[in-house]
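Inside the fold
Take a look at the letters that make up each chain.
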Amino acid sequence: MSREHVLPRWLRDAVEVGDQPGTHILGIDQERVREWQALPFTTQSRRVCLSCNTGWMARLEDDTRPILGPLIGGPIDTVLSVDQQAVATSWALKTAMCVQLISPREWWPIPQRHFAQLYESRDGRLPLPGSYAWLGRYRASRPQTRHLIQPLQIDAETKGLAHPPDAYAASFAVGEMAIQVVGRFSPTTDLTLNMGTAWSRATVKIWPTTGGAYWPPPEAIDEAVWGDFAQFGAAAA
């Protein structure tokens, strides 16, 4: 096993950070939250094999850096191609799994088979079936990174009933960018998500997609509304 940075070191070049510790916030929901102080982008997981860390995962970071780096550093006007959106979504899934690996095992909502599926699709840079992803512009009053992974129940037939979760949402905020990815456990049917006008104005959907994604969105996500964003818009209709 080797040490894999949960948030990659290249983010230091995209975000203005000094040598002082920043605030890291990790949680599975609004109640199970861990907060600590550490130098930015130094948190590592020890559960990644060396060949993955230095192979396909490193290549994914190299492919993602020119796509998301400019967005993290500040607002620019750009259009992400379909291929760029696929890479960004795959990166978000990989990062969510790395974040899970530094969480207590009882917090883990991402099934082990999704780790295997992402590995199997590593060369094609295609997100897992049943994946959804959004980008948002983030504005914080102090330097920080935020991570939240939570189980969800979103399928219409079981939503609101006494059924176990059928999906998970992972949300991250770093610099001036927030990204959220949703994975479904059994994506047997297409899912229509009605997130509302406020959500649509604060985010750009990047997966699934059939065309370019225009950046930035009209509005920004700040600390006051981060909870709604991280909780998947408070509810997925």
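For the structure given in this document, a descriptive report is provided here.

**Focus on the pairing of strand β6 (residues 131-139)**
Extensive coverage of β6 is indicated by the burial of 7 of its 9 residues. Here 7 bridges tie β6 to strand β9 (residues 177-184), and the two strands are oriented antiparallel to one another. Residue pairing across strands places Ser-131 opposite Gly-183, the latter belonging to β9. In this sheet, strand β10 (residues 203-207) lies alongside β6 in antiparallel orientation, the contact comprising 4 bridges.

**Observations regarding the packing of aromatic side chains**
The tally for this structure, following the rule as stated, stands at 2 aromatic pairs. On the basis of an interplanar angle of 70° and a centroid distance of 6.3 Å, the ring pair of Trp-56 and Tyr-119 is categorised as edge-to-face. With a gap of 63 residues between them, Trp-56 in helix α3 (residues 56-73) and Tyr-119 in helix α5 (residues 112-120) connect regions that are remote in the sequence. On the basis of relative accessibility, which here comes to 10%, the residue Trp-56 falls in the buried class. Ring plane angle 35° and centroid distance 6.1 Å describe the contact between Tyr-168 and Phe-185, whose orientation is recorded as tilted. Of this pair, Tyr-168 sits in strand β8 (residues 167-174) while Phe-185 sits in the loop between β9 and α6 (196-202); the two residues are 17 residues apart in sequence, bridging distant segments of the chain.

**Comments concerning the packing of α3 against helix α4 (residues 82-101)**
The N-to-C vectors of α3 and α4 enclose an angle of 125°; their axes lie 9 Å apart at closest approach. Regarding the angle of α3 to α4, the classification is oblique. As for the relative orientation of α3 and α4, their crossing is left-handed in sense. From α3, Trp-56, Met-57, Leu-60, Glu-61, Asp-63, Thr-64, Ile-67 and Leu-68 reach across to α4, where they touch Gln-84, Val-87, Ala-88, Ser-90, Trp-91, Lys-94 and Cys-98. Looking at the contact of α3 with α4 residue by residue, the classes come out as 9 nonpolar, 3 polar and 3 charged.

**A short note on the side chain of His-114**
Looking at the secondary structure, you find His-114 in helix α5. On the accessibility criterion, His-114 (3% relative accessible area) is buried. Only 2.9 Å separates the side chain of His-114 from the side chain of Tyr-168, close enough to count as a polar contact.

**A look at the environment of Phe-185**
Taking the C-alpha atoms as reference points, Phe-185 and Ala-167, 18 residues apart in sequence, are found 5.4 Å from one another. Aside from chain neighbours lying at most four places away, what touches Phe-185 is Pro-109, Pro-111, Arg-113, His-114, Pro-165, Asp-166, Ala-167 and Tyr-168.

**Notes on empty space enclosed by the protein**
As enumerated under the stated definition, the model contains 3 cavities of 30 Å³ or more in all. In this model, the second largest cavity occupies a volume close to 40 Å³. In terms of lining residues, the second largest cavity is bounded by Trp-56, Leu-60, Ser-90, Leu-118, Ser-121, Arg-122, Arg-125 and Leu-126. Grouping the amino acids of the lining of the second largest cavity by side-chain chemistry returns 4 nonpolar, 2 polar and 2 charged.

**A look at the packing of α4 against α5**
Each pair of packed helices can be summarised by the angle the axes make with each other and by the distance between the axes. Between α4 and α5, whose axes approach to 11 Å, the crossing angle comes to 140°. Relative to α5, α4 is oriented oblique. Crossing hand, α4 versus α5: left-handed. Across the interface between the two elements, Ser-90, Leu-93, Lys-94, Met-97, Gln-100 and Leu-101 from α4 touch His-114, Phe-115 and Leu-118 from α5. Here the contact of α4 with α5 is built from residues that sort into 5 nonpolar, 3 polar and 1 charged.

**Regarding unusual backbone geometry**
In this structure, Pro-208 follows Trp-207 across a cis peptide bond, with omega equal to -5°. Along the chain, Pro-208 falls in the loop between β10 and β11 (213-215). The omega angle of the peptide bond from Trp-215 to Pro-216 is 5°, so this bond is cis rather than trans. Its location among the elements puts Pro-216 in the loop between β11 and β12 (220-222).

What counts and what doesn't
- Residues numbered from 1 in each chain as written.
- Predicted model: local features only at pLDDT ≥ 70, side-chain atom pairs only at ≥ 80, totals over all residues.
- Heavy atoms only, no water.
- Buried < 20%, exposed > 50% of the residue type's maximum accessible area, 1.4 Å probe, protein only.
- Helix = DSSP H or I, 4+ residues; strand = E, 2+ residues; numbered from the N terminus.
- Pairing = 2+ DSSP bridges.
- Phe/Tyr/Trp six-rings, centres within 6.5 Å; stacked < 30°, edge-to-face > 60°.
- Axes fitted to C-alpha atoms, helices over the stretch in contact; angles between N-to-C directions.
- Parallel < 35°, antiparallel > 145°, perpendicular 65-115°, else oblique.
- Left-handed = near helix turned anticlockwise from the far one by under 90°.
- Contact = heavy atoms within 4.5 Å.
- Nonpolar A, V, L, I, M, F, W, Y, C, P; charged D, E, K, R; others polar.
- Polar contact = N/O pair within 3.5 Å; in protein donor to acceptor, adjacent residues only side chain to side chain.
- 1 Å grid on protein atoms, 1.4 Å probe; cavity = no way out; pocket = protein on both sides within 12 Å on 5 of 7 lines; lining within 4 Å.
- Points joined across faces, edges and corners; volume = space filled by probe spheres on them.

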